[in-house]
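Commentary on secondary and tertiary structure
As a plain string of letters, each chain reads:
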Amino acid sequence: MRAFELKEQGWKQTEIADALGVTEGAVSQWMKRAREEGVQALRHKPPPGAPPRLSEDERAKLPELVAQGAEAHGFGGEVWTCERVAEVIWREFGVRYHPAHVSRLLKKLRLSLQKPQRLADQRDEDAIEHWKDQKWPSLKKGR
């Protein structure tokens with residue numbers, strides 16, 4: 001856009017290239033595009049990228065599916081993980097997503113990510129409470 005403005009002020013293409021730190025060929029291409037397609041063609045256009053695999057309607061339905069709960073979809077417990085959401089997307093829409101992409105999809109839909117709390121099978125809650133109440137205060141005082 002700046003190159004076009006300078007051209008309109010009467011600058012030569014070599015002067016524009018020097019001023020903007022680009023090649024004369026780049027300035028020439030910009031001027032040709034402005035002549036053929038209009039000045040708006042000089043504006044930055046983001047790269048198109050791959051089209052979404054889920055349609056707008058399918059993406060809109062995803063929060064409803066998650067709201068039904070994980071157990072309603074055959075999972076044990078009510079925790080939604082990316083892997084579980086990816087499985088529901090596959091079952092409902094026939095589209096496979098990597099769990100990492102599911103997290104981005106959920107973020108766009110303003111849904112929270114959940115991770116199951118992992119506790120040891122041999123965990124003894126009574127022993128832990130006893131340690132916190134009896135041992136920890138004496139260790140803490142020693143500092």
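What this report covers is the structure whose coordinates are included nearby. (Residues numbered from 1 in each chain as written. Predicted model: local features only at pLDDT ≥ 70, side-chain atom pairs only at ≥ 80, totals over all residues. Heavy atoms only, no water.)

With that settled, consider the overall build of the protein chain. Across its full length, the protein chain carries seven helices and zero strands. Put simply, the protein chain runs from its N terminus to its C terminus through helices and strands in the order α-α-α-α-α-α-α. Whereas a compact globule of 143 residues would reach a radius of gyration of roughly 15 Å, the protein chain reaches 30 Å, over 25% beyond that. Looking at the 143 residues of the protein chain, the share that counts as buried comes to 22%. Partitioning the intrachain contacts of the protein chain with sequence separation of at least 6 by distance along the chain shows that 38% fall at a separation of at least 24. (Helix = DSSP H or I, 4+ residues; strand = E, 2+ residues; numbered from the N terminus. Rg over C-alpha atoms; globule rule 2.2 N^0.38 Å. Buried < 20%, exposed > 50% of the residue type's maximum accessible area, 1.4 Å probe, protein only. Contact = heavy atoms within 4.5 Å.)

A separate point is the environment of Ala60. Position of Ala60 among the secondary structure elements: in helix α4 (residues 56-67). A residue is classified by how much of its surface remains accessible, and Ala60, at 49% relative accessible area, is partly exposed. Along the chain, Ala60 and Leu109 lie 49 residues apart, while their C-alpha atoms are 8.4 Å from each other.

Attention now moves to the packing of aromatic side chains. Within the structure shown, the criterion is met by two aromatic pairs. Seen in terms of ring centroids, Phe75 and Trp80 are 6.1 Å apart; in terms of plane orientation they differ by 70°. Their pairing is edge-to-face. Note that Arg96 overlies the ring of Trp90, its terminal NZ or CZ placed 3.7 Å from the centroid. (Phe/Tyr/Trp six-rings, centres within 6.5 Å; stacked < 30°, edge-to-face > 60°. Lys NZ or Arg CZ within 6 Å of the ring centre and 35° of its normal.)

Attention now moves to a nonpolar patch on the surface. Residues Trp131, Trp136 and Leu139 make up a contiguous nonpolar surface patch of roughly 310 Å² in combined accessible area. Note that Leu139 resides in helix α7 (residues 125-141). (Patch = residues over 30% accessible without salt bridge, like charges linked within 9 Å, V, L, I, M, F, W, Y side chains within 5 Å. Areas by Shrake-Rupley, 256 points an atom, 1.4 Å probe, with all protein chains shown as cover. Salt bridge = Lys/Arg side-chain N within 4 Å of Asp/Glu carboxyl O.)

Our next topic: the environment of Ala127. Mapped onto the fold, Ala127 is located in helix α7. The class of Ala127 is partly exposed, set by a relative accessible area of 41%. With 88 residues separating them along the chain, Ala127 and Val39 place their C-alpha atoms 74 Å apart.

There is a patch of like positive charges on the surface, built from Lys7, Lys12, Lys32 and Arg35. Turning to its location among the elements, Lys32 is positioned in helix α3 (residues 24-37). Accessibility expressed as a relative area gives 43% for Lys32, which makes it partly exposed. (Lys, Arg positive; Asp, Glu negative; His and termini not counted. Charge placed at Lys NZ, Arg CZ, Asp CG, Glu CD.)

Phi at Arg110 takes a positive value of approximately 60°, unusual for a residue other than glycine. Here Arg110 is to be found in the loop between α6 (99-108) and α7. Under the relative-accessibility criterion, Arg110 is labelled exposed at 77%.

This part covers the pattern of salt bridges. Two side chains bearing opposite charge may form a pair once their charged atoms approach each other closely. Within this structure, the stated rule accounts for four salt bridges. The partner of Glu56 in a salt bridge is Arg59, with the nearest N and O atoms 3.2 Å apart. Taken together, the residues Glu56 and Arg59, both in helix α4 and three residues apart, mark about one turn of the helix. The exposure class of Glu56 is exposed, given its relative accessible area of 57%.

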